[in-house]
Every structure is written in C-alpha cells, then in structure tokens.
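Each chain is listed here by its residues.
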Amino acid sequence: MISFAPSEEQQLIIDTVRRYATDRLRPAAYDADETRTIPPDIVARGWDLGLLPSAIPEQYGGFGESHQALTGALAAEELAYGDLAMALHLMTPNLFAIPVLHCGTEEQKAKWLPRMVEGGFAPYTAALIEPRWSSDPHTMHTVAEREGNMYEISGHKALVPLAADAQAFLVYARDGDSTQAFIIERGTEGLAVLERESYMGIRALPTYELRLDDVRVPVSCRLGGEQGSDLELLLNYSRVALAALAVGVARGAFEYARDYAKQREAFGKPIAQNQAIAFMLAEMAIEIDAARLMMYEAAWHLDKGHNATQTAVLAKAYADEMALVVTDRAVQILGGHGYIREHPVERWLRNGRGFHTFLGLAMV
Amino acid sequence: MIDFEIPTPIKRQVQFITMLGEQVMRPVARYYDEHETERPWDYINLIWPTVRDRGGRSFSVDDTRGSVDKDGKPRPRIGYLMLAHTVEALSWGDAGLYLCTPGGALGGAAVDATGTPEQKERFLKRFGEGEPKWAAMAMTEPHAGSDTAAIRTTARLSEDGKEWILNGEKIFVTGGLMAARESPGFVVVWATVDPSAGRAGMKPFVVESGTPGMTVAKLEHKHGIRASDTAAIVLSDCRIPYDNILGSAEVAKGDDAGHKGFKGAMRTFDATRPLVAASALGIARAALEFTASYLKDRGVKVRYGIAPHLQTAMERDLIQMEMQHRAAWLLVLKAVTKMDAGEDNALEASMSKVKAGQVATFVSQKAVELLGPEGYSCKLLVEKWMRDARINDIYEGTGQINRLIVARRLLGYSSRELR
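As the structure is a computational prediction, the values presented were derived from the model and not from experiment. (Residues numbered from 1 in each chain as written. Chains lettered and ligands numbered in written order. Predicted model: local features only at pLDDT ≥ 70, side-chain atom pairs only at ≥ 80, totals over all residues. Heavy atoms only, no water.)

1. Quick notes on the overall build of chain A
Note the threshold: Counting from the N terminus, the helices are the DSSP runs of H or I reaching at least four residues and the strands are the DSSP runs of E reaching at least two. As a reference, a globule follows 2.2 Å times the number of residues to the power 0.38, and the radius of gyration itself is taken over C-alpha atoms. Each residue's exposure class comes from its accessible area (1.4 Å probe, protein chains only) as a fraction of the maximum for that residue type: buried when under 20%, exposed when over 50%, partly exposed otherwise. Each accessible area value is a Shrake-Rupley result obtained with a 1.4 Å probe; residue values ignore everything except the protein chains displayed when judging cover. As used throughout, the charge tally considers Lys and Arg to be positive and Asp and Glu to be negative, leaving His and the chain termini uncounted. All charge positions are set by atom: Lys at NZ, Arg at CZ, Asp at CG, Glu at CD.
Secondary structure assignment for chain A yields ten helices and nine strands. Computed over the C-alpha atoms, the radius of gyration of chain A is 21 Å, within 12% of the 21 Å expected from 2.2 N^0.38 for a compact globule of 364 residues. Reported as C-alpha extents along the three principal axes, the dimensions of chain A are approximately 80 × 45 × 40 Å. The buried share of chain A, taken over its 364 residues, is 61%. Working note: accessible area of chain A is about 14100 Å², and carbon and sulfur atoms make up 48% of it. The distance from the centre of the 33 positive side-chain charges to the centre of the 48 negative ones in chain A is 4 Å.

Shown next, in the form of structure tokens:
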C-alpha cells in the first residue's frame, strides 16, 4: 500500500543521523572546506553511527539483516544536510563494500567484508571516474587484459576519494565488451596514487588521481569471479545515493535561505514578504520534495529487486538539476551576502554543481 | 513504511478506464473539440450508470470508510487515491469528455465539504438515481478571479425570512449549462451576506436547476477542453429556500473571522486541487506516451543511463518530459494519501497543483515541438492535448495563487503578511 512515511526504525536512523549532522558536521563545515581537512574525531563519531555495519549481514561481521538502499538513502540525505564533503568521506567505504556484497564471490565477501566492518573506520575506496570530459562508465579507457590466470590493468582514474590511505581499491576497467571491477590491494606494483586533486567543491574530501601501469592481479581479484559483476545494478546504488545526497544539500540551502529571508529587512519589511522571494522559496520546496519522492521510488524498486535503471536514472537526473537550481536560488536570495564565504550558501552551490559529475563517487 | 505499491482495486479501475479511454473517448475526442456546442451524450450515457451506481460522486471517495480486512483490522482509506487515479486515467482518455462526466463534480465537493448531513442527503441523493445530472460551482466573477474575497454577488433575506434573494453575475462556471439548465442538477453559488464583512460574509448557496432568476447568459469559446461547457450565469432576484445556504448563515466576528467564513471554500480546494493536478497529468501522460512511441517506431529510442555526451537532443527532451511528469505525479500521490489519512494537506495540495500545472503545460507543448508539422497538425491529437493541458495552470487556482499559498505555509505568514 502506497505510503511516503518512513518506518519507525528508519525514522530513528533519520533522527540520529540528523542530530550528528547538525551538531557535528555543520559547525565544522566552514573550516573543513577552507583548510581542506576533516577532523579525525568527526569521522570516528560518524563511523560510530554504524551505518555501514548495519547494512552488512552478520555472517560477514556486520549486524544488519539485509542491505536496504532506501535506509541508506535516508541516512545519506541527513549526512549531506550536514556537509557533503564529510558525507562522501564517511560513505567512501561503501564504494567497496556494497559492490562486494552484491556482486562478490563468496570468497571475496568472506575475505573483505569482515575486515571492513569489524574495526574502526577503514578507508577502502573505488576508482570509476576518468579524467576526461567524456568520462563514461560504459566505455572505460582503463583496460583489463587477461593473460592466463592474471589480469593486466592499465589506465588513468580521477576523483578517487581517500586513495592515499586506502587499503584496497575497486578499480573499474574495460574487460572485453563490458565494464568490470577489480580488487587491487594497496602497494601492488604499477599502481600509483598521484597528487591530491583540487575541485570547485567538496574541497574537504581528499580525492586523487590514480595511475595504473600494467598492474597485474590474479583472476580471483575480478569482482564476481567468472560471472563478473552487474555494472548497471551498482550504478543504480550510486544513482540513488547521489539523489539522496543532492536532496540533503538542497534542503540545507532552502532552510538557510528561508530563515534569512524572514530576518533580512528591506524597504521596511522582511524580504520574504515579497512575492519575488516567496515564490522562489515555494518553488525550491516543491522541487526538493519532488526529488525526494523520486529518490524514494528508485530506492524502493532497487530493494524490491526490480529493474530500477529507468527510475534511478530519472531520479538522479532530476536531483542533479534540482540541487543546482535550489543552491543557486539560495545564493540569489542572500544577494551579496550569498556570495561571501561566511555564509554557507556559496559552498553549497559549489558542492551542488558537482552532482552531474559524481556518478560512482557515492553508493548506498 | 515507504512503499510504492498501488492497491489492486485501483490498478483494476485504471485498466477499466484505460479501455474506456481507448474505445470510447479517443475516437470521439476530435469531434467534440470541433463541435463545441454539442454535448457528448454517447459518452455521458455510457458512463452515467457507473457513476450512479457509486452514489454519484464520480466514483465515491468513501468506498473504504469503516471497512475491515479478513483479520478484522481496519483497511486504510484509499478513496482519494482511487479518485486521483480515476481522474488521471479519464483525462488520459480525453480531458474535455472527462469534464462532462455527470455527477456532483465541484458543486458536489462543496456540498460535501460545507453542508450538514441533512443537506448532503437532500442535494447529493439525486446522483445515485434516475437520469444523468450535474452540479457546478460558481465562484469567479468578471472582476474577481483569484481574489475570491472580492466577489460582489449578494444574498439577502426576504422580508418573511424564508428565502434568500441572490443578485450578481458569475463567469467561468465549468459545466454550468448542464447543471443550471440541461439537467435537474444544481449550482453552488458563492455570495456575500454582508459585503462589509469581507471573507467572513461569503457563503455557499445551492441553486436548483431551472430556478427562476438564474439564467445561462453566455457560453465561452475556449482554447481547449471544448467538449465541456463553460458558462456565464446571471442571478437576478433569484429566490431560493432559506435552507439552501450551506453551513451557518452567521457571520463570524473577530480576528479569525475571515478564515472561518472562508474555510469551506478552502477545504474544498484541498480536495479538488490534487484532482485537477491529476487531470493535468493524465493529459501530459497521453502526450508523453504518444510522442515516445511515435518516435520509437521511427527509430528514436530513449537509452536510459547512457553518458550525457552520447545522448541526442531528442533523448534529453524525452527524459526531461518523463522525469518532470513523474515528479509531479508523485507530489499528487502524496497530497491525496494525506487527504485519505485525514491529515491537513493544504500545503501538499497546492504544491502538487503548482507542479502539475507547469509540467502538463511543458510536456504537452514539448510534444508538439518534437513531432514537428505532425505535432502541430489536427491529424493527431497532440495539438489538442496541448490546448487541453493549458487550463490546468489556470483553473482551481492559478500557478501563482498556489505558489502564494505554498509560500505562506512555508514561511508561516498570514494572507495579510504575504500578499
């Protein structure tokens, strides 16, 4: 029966993560963006929320019953409401764990999942995006060639979060006609983490370019073994995650602009009492709500095991556009003040602009 | 629990109406668009028994009230959810014909929202028996559209206090001809009992079809939805029984008076706005599905998930249309499920109306563009859908008035604080 209200358990998760986002992430977000660092205790506290372990079944060391994209998405919205860069940092291990959980062989799951969830926050990551304007998960320039029992992988990756500290990487490469993922451990010969990158937004998140020069790994490192992995399924987990994060960023921007507009006076009354401002706020709220419902729907299809590509693509495309429009309007409502870094809205606009590019940078 | 499963009875109803749309409505859609003065009696006579058997509320909203499942647990109410799907599917068939559906329509909704139990029985019973009939709602006047508080139609008591005497002019009454003259229906006329009291003085009155003093003065010629009549109604010393005032005749006083006097109309809108949004999206879906399948047959197919630089302009447009449509429809579903749950849905109702009005306009106009000369041609229904869709951003509150309502709710402002 159709319903848009989270379950009691989900509401509890929302409330808990929201409190963490409001009390911890928000106050630290400005400095993190300026200094491009995230305080380790914030990450440790975030890990204590238990979001990833609760998505991993007990047999692999977690305490979850089953992985639910919807629950992950609800948490992601709240994290991004706090700060997008820190949200992405906290969710980086998902980029490794979720694909292993859904597409990994029994052996791969038993090897990797327990060590990821049993201790504290451990940086595992993935490399999908490539440093080209036409970066496309379906036509990777990074190539994996099979030679006997080994794969030889060469290519160039970008936007690999936490690569400098990562213990293992999931690297996506062209393998024959399809894109496949390969587990590559830190220190493997030919794998080089390059300089830290610098982007317009998500500046607190350390991301790196990665070079692979004839990196040789055994065939057992191919995710899913002989069967391989389902790229579209993994992309759908990413699409839902990004749609949820976009909603979180936009909601933050909307609330800030709304509160500002009620306080800021011009011509003897709050600017929110002008239709020009009020209508912008009304449209922002409508777009956020619509994007959230589409994100819910895509996550629901994923969790039901339906083919979710169409709804996930639409939800992400909608959220990408919505996040840009809403954060941009928020800057406009603050006027000159919106352009000054003391107010967070310009940071949210810089972060919001990235969603078109982020496919593969988050997963729930 | 977040869930997108549509209940089976609703799926079945949509299937049935889709068949009706394909076999009965679509084949005559163009005819009634081109013959504005004729009424679609073939459709009316076919649909009437279905409406009548459901108590005349064009598929009743109270179907599930108080019913229990086999374990004795109360079933969730799905009346408005059902109604939204029904209206959407009928409008997919043809919006002009849908608006001709006999039954209570907006007039019935007003009685339902503001009448006493005795009045509901007296005025609504007719829709469950006999020949097809209609009710209409008359709010707008030549000088007062969105500014409903500025209406000038008056209602004064006769000297013996037994009758109301109505005087004024109403325009843009959807289905006014059918309700006021062509069937034994009625018109709900909003009039003021005290022009100095503003909104608090505004009251709804039921004027029976054929009452002396009520005349259909003019039928409009419209951009779209031509199968449905839009009437101007003149009330000239029109006398109706005292008991035909809906709700109380008392004019509330004090700070909150305006809200109290006006509450009935607003409560009606909470119910009807998501349904107008649903109608808008039925037309938009017709345009979207037709355009996508027409183009697919000619080799233009949407590839979901393809990289942006490989997408064609057509694919981008079709994806844009589809996602906008879906977004608006989910807002409608949210508004009606809140209505069914008995929660205040004024915010969601207006949000869905804003979005759906805009989306239906965008999608149907884009469909005409994508199909080139074929889209513009009267050979196909696409150009008609564009004209039909356009009203949805205007009636039952323009997009602007609904934005204002949304903004007031979001900001916690009264209508005085945010004008």
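Structure shown, so let's carry the discussion forward.
2. As for the domain arrangement of chain A
It is common to report an interface's size as the accessible area lost on association of the parts. Residue and element names in this part refer to chain A. The following threshold applies: Residue ranges assigned to the domains are those given by an automatic or database domain assignment. As a working definition, buried area equals the accessible area (1.4 Å probe) given up by two parts on being put together, with both sides summed. A pair is scored as a salt bridge if a Lys or Arg side-chain nitrogen falls within 4 Å of a carboxyl oxygen belonging to Asp or Glu. Identification of polar contacts relies on pairs of N or O atoms within 3.5 Å, with a donor-acceptor requirement for protein atoms, meaning one able to donate a hydrogen and the other able to accept it, and with residues adjacent in sequence counted only if both atoms are side-chain atoms.
The domain boundaries assigned to chain A delineate domain 1 (8-117), domain 2 (125-227) and domain 3 (231-356). Overall, the association of domain 2 and domain 3 removes approximately 680 Å² of surface from exposure, summing both partners, and the carbon and sulfur fraction of that is 71%. Put simply, domain 2 and domain 3 have zero salt bridges between them. Summed over the shared surface of domain 2 and domain 3, the result is three residue pairs in polar contact (both at pLDDT 80 or more).

3. Some details on helix α8 (residues 313-340) of chain B
Residues spaced three or four apart along an α-helix point in a common direction, a consequence of the helix completing one turn every 3.6 residues. Our working definition: Any helix carries an expected span of 1.5 Å times its number of residues minus one.
Here α8(B) contains 28 residues, and its C-alpha end-to-end distance of 41 Å stays within 8% of the 40 Å for a straight helix at 1.5 Å per residue. Positive backbone phi, at 75°, marks B:Gly342, one or two positions downstream of α8(B).

4. Some details on the interface of chain B and chain A
Operational definition: In this description, contact between two residues means that some pair of their heavy atoms is separated by no more than 4.5 Å. Charged means Asp, Glu, Lys or Arg here, nonpolar means Ala, Val, Leu, Ile, Met, Phe, Trp, Tyr, Cys or Pro, and polar covers whatever is left, Gly included.
Taken together, the contacts link 42 residues of chain B with 45 residues of chain A. For chain B, the biggest contributors to the area lost against chain A are B:Ile2, B:Phe4 and B:Leu411; these three give 18% of the whole. For A:Asp289, the salt bridge identified is with B:Lys334, shortest N-O distance 3.0 Å. If you list the elements that add at least two residues to the side of chain B that touches chain A, you get α8, α9 (346-370) and α12 (399-411) of chain B. At twelve residues, the largest contribution of residues to the side of chain B that touches chain A is made by α8(B). Partitioned by chemical class, the residues of the side of chain B that touches chain A number 26 nonpolar, six polar and ten charged.

5. Re the packing of helix α5 (residues 94-103) of chain A against helix α6 (residues 106-117) of chain A
All names here are of chain A. For clarity, the threshold we go by: Axes here refer to lines fitted to C-alpha atoms; in helices the fit is confined to the stretch in contact. Angles between the N-to-C directions go from 0 to 180 degrees. A crossing counts as left-handed when the near helix is turned anticlockwise from the far one by less than a right angle, and as right-handed when that turn is clockwise.
Running from N to C, α5 and α6 point in directions that differ by 145°, and their axes come no closer than 10 Å. α6 is crossed by α5, and the crossing has left-handed handedness. Taking contact as the criterion, the partners of Phe-96, Ala-97, Val-100 and Leu-101 in α5 are, on α6, Gln-108, Lys-109, Trp-112, Leu-113 and Met-116. Its residues placed into classes, the contact of α5 with α6 shows seven nonpolar, one polar and one charged.

6. Here's the deal with the pattern of salt bridges
For the coordinates displayed, the defined rule picks out 51 salt bridges over all chains. Put simply, B:Lys338 and B:Glu348 hold a salt bridge, and the shortest N to O gap is 3.2 Å. In this pair, B:Lys338 sits in helix α8 while B:Glu348 sits in helix α9, placing the two residues ten residues apart along the sequence. Note on B:Glu348: relative accessible area 11%, which makes it buried. The structure contains a network of salt bridges with shared partners spanning A:Arg18, A:Glu77, A:Glu78, A:Arg251, A:Glu255, A:Asp289, A:Arg292 and B:Lys334.

7. Section: the confidence of the model for chain B
Basically, it comes down to this: One number per residue, pLDDT, summarises how confident the predictor is, and it ranges from 0 to 100.
Mean pLDDT for chain B: 92, with 93% of residues reaching 70 or above. Between residues 58-65 of chain B, whose pLDDT stays under 50, and residues either more than four places distant or in other chains, the model counts 22 contacts.

8. Remarks on the side chain of B:Thr114
Topologically, B:Thr114 is positioned in helix α4 (residues 105-114). Among the polar contacts made by the side chain of B:Thr114, one reaches the main-chain carbonyl oxygen of B:Ala110 at a distance of 2.5 Å.

9. Side note on the side chain of B:Glu315
All names here are of chain B. Relative to the helices and strands, Glu-315 is located in helix α8. In this structure the side chain of Glu-315 is engaged in a polar contact, spanning 3.0 Å, whose partner is the backbone nitrogen of Thr-312. In this view, Glu-315 contacts Lys-301, Val-302, Arg-303 and Leu-310; residues no more than four positions away in its chain are not counted.

10. Thoughts on unusual backbone geometry
Residues and elements named next belong to chain B. The phi angle at Ile-225 is positive, at roughly 35°, despite the residue not being glycine. Looking at where Ile-225 falls in the secondary structure, it is placed in the loop between β6 (214-219) and β7 (230-241). Phi at Glu-396 takes a positive value of approximately 60°, unusual for a residue other than glycine. By secondary structure assignment, the location of Glu-396 is in the loop between α11 (382-390) and α12. Note on Glu-396: relative accessible area 11%, which makes it buried.

11. Regarding the packing of aromatic side chains
We apply this condition: Any Phe, Tyr or Trp ring, taking Trp's six-membered ring, that has another such ring centre within 6.5 Å forms a pair; planes under 30 degrees apart are called stacked, those over 60 apart edge-to-face, and the others tilted.
Tallied over the full model, the rule gives 17 aromatic pairs over all chains. Look at A:Tyr256 and A:Trp348: their rings are 5.8 Å apart centre to centre, the planes differ by 80°, and that puts the pair in the edge-to-face class. Pair noted here: A:Tyr256 is in helix α7 (residues 231-263) and A:Trp348 is in helix α10 (residues 345-352), with a separation of 92 residues, a long-range link. Residue A:Tyr256 is classed as partly exposed on the basis of its relative accessible area of 27%. Note on B:Phe290 and B:Trp385: the rings are 6.0 Å apart at their centroids and 70° apart in plane angle, and the pair reads as edge-to-face.

12. With respect to the nonpolar core
If you look at soluble globular proteins, the nonpolar side chains tend to sit buried side by side. Our working rule: Put simply, a nonpolar core is a bunch of buried Ala, Val, Leu, Ile, Met, Phe, Trp, Tyr and Cys residues held in one set by side-chain atoms that sit within 4.5 Å of each other.
Grouped together as the largest cluster of nonpolar side chains are 230 residues, with contacts concentrated most on A:Tyr172, A:Leu245 and B:Leu166. A per-element tally of this core places helix α8 (residues 275-304) of chain A first, with 20 residues. If we ignore the near neighbours within four places in the chain, the residues touching B:Leu166 are B:Thr154, B:Ala155, B:Val189, B:Ala191, B:Phe205, B:Val207, B:Leu235, B:Ser236, B:Asp237, B:Cys238 and B:Ile240. Core analysis: the second largest hydrophobic core is formed by 19 residues, A:Ala144, A:Tyr151, A:Ile153 and A:Val171 among them.

13. Points about the packing of helix α1 (residues 8-35) of chain A against helix α2 (residues 40-48) of chain A
Residues and elements named next belong to chain A. The following threshold applies: Relative orientations are named as follows: roughly parallel for angles under 35 degrees, roughly antiparallel for angles over 145 degrees, roughly perpendicular for angles from 65 to 115 degrees, and oblique for any other angle.
For the pair α1 and α2, the least separation of the axes is 11 Å and the interaxial angle reads 160°. With respect to α2, the element α1 is oriented roughly antiparallel. Of the two possible hands of crossing, α1 and α2 adopt the one that is left-handed. Contacts between α1 and α2 involve Tyr-20, Arg-24, Leu-25 and Ala-28 from the first element and Asp-41, Ile-42, Arg-45 and Gly-46 from the second. Looking at the contact of α1 with α2, its residues break down into four nonpolar, one polar and three charged.

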